[in-house]
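Tertiary structure, described
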Amino acid sequence: MLKSLNKTLLGATLIGVTFASHAFAETTINALFMAQAAYSEADVRAMTDAFTKANPDVKVNLEFVPYEGLHDKTVLAQGSGGGYDVVLFDVIWPAEYATNKVLVDVSSRISDDTKKSVLPGAWTTVQYDGKYYGMPWILDTKYLFYNKELLEKAGIKTPPKTWDELNEQAKTIKDKGLLATPIAWSWSQAEAAICDYATLVSAYKGDFIKDGKPNFQTGGGLDALKYMVSSYKSGLTNPNSKEFLEEDVRKVFENGDAAFALNWTYMYNMANDPKDSKVAGKVGVVPAPGVAGKSEASAVNGSMGLGITSASKHPDEAWKYISYMTSQATQNQYAKLSLPIWASSYGDPAVTKGQEELIAAAKVGLAAMYPRPTTPKYQELSTALQQAIQESLLGQSSPEDALKSAAQNSGL
């Protein structure tokens with residue numbers, strides 16, 4: 001009788017253990033991020049560790065690729081029928097991702113309170129055709145960084161307010177023998193060059209597309225490329241800019257080899273870190289300049305969002321993770337690398353302290369953000385423009401001819 005009772009109790013205990021293990025079964029989700037700019041890989045891992053401590057029933061496998069591989073990795077994983085639950089995506093991809101059902105519509109998951117609390121411009125990062133395909137995460141534009149010490153040595157009192165002034169100041173620095181090539185850009189045949197080009201297109205008040213057709217080959221779009229070619233040929237621009245990505249620009253600037261550089265938010269605090277930078281404490285930042293009679297400042301929308309893929313088998317856990325990563329508490333904690341999407345964060349001294357100059361530039365830059373074209377054919381358009389920019393810089397084609405060719409090959 002006693003043995004029988006013990007067996008029954010043991011059986012009940014084992015069943016209880018089985019039920020308990022099922023009740024607390026760990027769900028694994030896979031997330032894809034980029035390994036450059038904005039938040040570092042170490043920071044994303046730290047954020048994720050904090051999430052899993054708060055949510056021990058969810059495990060997150062992280063994968064990092066360079067920005068240039070992010071789009072294709074996302075799309076190819078969908079095609080294989082597996083892959084990722086959460087993906088980082090650029091502001092230029094929602095049209096394509098929505099049309100091809102790469103991301104799921106999460107409009108019903110976003111509360112009205114959240115919609116009101118996030119800066120209005122940030123929502124454009126994740127929207128297409130009136131629907132939301134994720135949460136904005138990296139709110140970013142390119143700023144003009146400058147070396148305060150070099151400008152002072154050249155007798156320059158204030159940083160440039162127009163692109164022509166930038167050339168004038170760079171020439172002064174060059175003529176005084178302070179630097180041979182004072183300006184650094186990211187003009188490699190990659191999306192980085194399109195971001196610099198779009199900044200200039202915004203300054204010259206150009207259009208990428210008008211009435212559904214390419215329009216960058218005339219007006220402001222043509223003026224922007226002419227400016228790039230002129231700056232390159234003048235010798236004021238570092239000749240290696242045609243091969244530089246943003247990280248190359250950062251390293252050149254931090255080494256003291258550029259007086260001016262166009263780059264994303266993250267460079268401000270990295271270039272001011274004495275552990276890695278020779279110019280720490282000498283870093284100035286202002287909105288990218290304008291064009292006299294046309295614009296006060298210029299800016300490209302370089303923001304990114306986090307979304308759930310249509311292939312995800314764990315959308316609820318994926319959304320829980322996205323909600324944590326984009327939360328105001330998490331963003332405020334890491335505000336030295338990427339400014340928060342939350343409007344009230346800008347009144348928090350913990351966010352603003354030590355980067356008041358950057359936030360002053362951001363108030364102008366973020367309000368002036370110019371979109372790259374919203375089209376499912378964006379990748380084709382971008383590739384054609386990248387080639388046009390490269391050919392023009394190398395003198396293989398005039399800006400007029402290069403852009404006409406790009407318009408024909410844009411897929412539009």
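Residues numbered from 1 in each chain as written. Predicted model: local features only at pLDDT ≥ 70, side-chain atom pairs only at ≥ 80, totals over all residues. Heavy atoms only, no water.

Examining the overall build of the protein chain
The helix and strand inventory of the protein chain stands at 18 helices and 14 strands. Relative to the compact-globule value of 22 Å for 412 residues, the protein chain shows a C-alpha radius of gyration of 24 Å, a close match. Seen through its principal axes, the protein chain has C-alpha atoms that stretch 100 × 45 × 35 Å. Per-residue burial for the protein chain yields a buried fraction of 54% across its 412 residues. Once local pairs closer than 6 in sequence are excluded, the contacts in the protein chain between residues at least 24 apart make up 73%. Total accessible area on the protein chain stands at roughly 17800 Å², and carbon and sulfur atoms take up 53% of it. Side chains of the protein chain carry 39 positive and 45 negative charges; the gap between the two charge centres is 2 Å. (Helix = DSSP H or I, 4+ residues; strand = E, 2+ residues; numbered from the N terminus. Rg over C-alpha atoms; globule rule 2.2 N^0.38 Å. Buried < 20%, exposed > 50% of the residue type's maximum accessible area, 1.4 Å probe, protein only. Contact = heavy atoms within 4.5 Å. Areas by Shrake-Rupley, 256 points an atom, 1.4 Å probe, with all protein chains shown as cover. Lys, Arg positive; Asp, Glu negative; His and termini not counted. Charge placed at Lys NZ, Arg CZ, Asp CG, Glu CD.)

So, the nonpolar core
Ranked by size, the top nonpolar core spans 132 residues in total, and within it Phe-33, Trp-137, Trp-163, Tyr-197, Phe-260 and Tyr-321 carry the most contacts. The leading source of residues in this core is helix 9 (residues 191-203), at 8 residues. Counting only domains with at least three residues in this core, you end up with domain 1 (27-140 + 302-366) and domain 2 (143-300 + 375-409). With near-sequence residues (within four places) excluded, Trp-163 lies in contact with Trp-185, Thr-199, Leu-200, Ala-203, Tyr-227, Leu-262, Ala-288, Pro-289, Gly-290, Val-291 and Ser-298. (Core = buried A, V, L, I, M, F, W, Y, C linked by side-chain atoms within 4.5 Å. Domains from an automatic or database assignment.)

Description of the packing of helix 17 (residues 378-393) against helix 18 (residues 399-408)
One way to put it is that helix 17 packs onto helix 18 with a least axis distance of 9 Å and a crossing angle of 165°. Taken together, helix 17 and helix 18 sit at an angle that is classed as roughly antiparallel. Along this stretch, helix 17 crosses helix 18, giving a crossing that reads as right-handed. Facing helix 17, whose interface residues are Ala-384, Leu-385, Ala-388 and Ser-392, helix 18 presents Pro-399, Ala-402, Leu-403 and Ala-406. The class makeup of the residues in the contact of helix 17 with helix 18 is 7 nonpolar, 1 polar and no charged. (Axes fitted to C-alpha atoms, helices over the stretch in contact; angles between N-to-C directions. Parallel < 35°, antiparallel > 145°, perpendicular 65-115°, else oblique. Left-handed = near helix turned anticlockwise from the far one by under 90°. Nonpolar A, V, L, I, M, F, W, Y, C, P; charged D, E, K, R; others polar.)

A word on the pattern of salt bridges
Summed over the entire model, instances satisfying the criterion amount to 17 salt bridges. Across the salt bridge formed by Arg-250 and Glu-247, the nearest N and O atoms sit 2.7 Å from each other. Remark: Glu-247 and Arg-250 occur in helix 11 (residues 246-254); sequence separation between them is 3 residues, near one turn of the helix. For Arg-250, a relative accessible area of 9% puts it in the buried group. Taken together, the salt bridges that share partners define one network made up of Asp-90, Glu-191 and Arg-372. (Salt bridge = Lys/Arg side-chain N within 4 Å of Asp/Glu carboxyl O.)

Observations concerning the packing of aromatic side chains
One pass over the full model with this rule turns up 13 aromatic pairs. The structure contains a cluster of three or more aromatic residues connected by ring pairs, namely Phe-33, Tyr-39, Phe-64 and Trp-137. (Phe/Tyr/Trp six-rings, centres within 6.5 Å; stacked < 30°, edge-to-face > 60°.)

A look at the sheet that holds strand 14 (residues 304-308)
The strand order across the open sheet built from 5 strands is 2-1-3-14-6, with neighbouring strands paired in mixed fashion. Whereas interior strands pair on both sides, the edge strands pair on one side only; in this sheet they are strand 2 (58-65) and strand 6 (135-138). Averaged over all neighbouring strand pairs, the angle between strand axes comes to 30°, with direction disregarded. Alignment of strand 1 (residues 27-34) against strand 2, held across 8 bridges, turns out to be parallel. What sits directly across from Phe-33, in strand 2, is Phe-64. (Pairing = 2+ DSSP bridges.)

Digging into the sheet that holds strand 7 (residues 143-147)
Taken together, the 5 strands give an open sheet; going across it, the order is 8-11-7-12-13, and neighbouring strands pair in mixed fashion. Among the strands making up the open sheet, the edge pair consists of strand 8 (183-184) and strand 13 (297-298). Examined bridge by bridge, strand 8 and strand 11 (residues 260-263) share 2 bridges and lie parallel to one another. Across the sheet, residue Ala-184 finds its bridge partner in strand 11, namely Ala-261. Taken strand by strand, helix 8 (residues 163-175) contacts strand 7, strand 8, strand 11, strand 12 (283-289) and strand 13, and its axis lies near 140° from that of strand 11.

Describing the environment of Tyr-268
Considering the arrangement of structural elements, one finds Tyr-268 in helix 12 (residues 267-271). Overall, the relative accessible area of 5% leaves Tyr-268 in the buried class. Residues Tyr-268 and Leu-366, 98 residues apart in the sequence, show an inter-C-alpha distance of 16 Å. Ignoring sequence-local partners within four residues, the contact set of Tyr-268 consists of Phe-145, Val-283, Val-285, Gly-354, Gln-355, Glu-357 and Leu-358.

Looking at unusual backbone geometry
The residue Asp-129 is not glycine, and still its phi comes out positive at about 55°. With respect to the helices, strands and loops of the structure, Asp-129 is situated in the loop between strand 4 (127-128) and strand 5 (131-132). Positive phi, normally seen in glycine, also occurs at Asp-211, with a value near 55°. Tracing the backbone through its elements, the reader meets Asp-211 in the loop between strand 9 (209-210) and strand 10 (213-214). The exposed category is assigned to Asp-211, whose relative accessible area is 74%.

Here we look at the domain arrangement of the protein chain
Partitioning the protein chain into domains gives domain 1 (27-140 + 302-366) and domain 2 (143-300 + 375-409). Each of domain 1 and domain 2 was reduced to a C-alpha centroid, and the two centroids are 27 Å apart. Facing the 27 residues of domain 1 at the interface are 24 residues of domain 2. Buried area between domain 1 and domain 2, summed over both chains or domains, comes out near 2100 Å², and the portion from carbon and sulfur atoms is 62%. When the buried area of domain 1 at its contact with domain 2 is split by residue, Asp-140, Glu-357 and Leu-358 rank highest and sum to 26% of it. In this structure, the connection of domain 1 to domain 2 is made through 1 salt bridge. For the salt bridge of Glu-357 with Lys-148, the shortest nitrogen-to-oxygen distance reads 3.1 Å. Applying the counting criterion to the domain 1 and domain 2 interface returns 7 residue pairs in polar contact (both at pLDDT 80 or more). Among the secondary structure elements, those contributing two or more residues to the side of domain 1 that touches domain 2 are helix 3 (67-79), helix 4 (94-99) and helix 16 (356-365). In terms of residue class, the side of domain 1 that touches domain 2 is built from 15 nonpolar, 7 polar and 5 charged. (Buried area = accessible area lost by both parts, 1.4 Å probe. Polar contact = N/O pair within 3.5 Å; in protein donor to acceptor, adjacent residues only side chain to side chain.)

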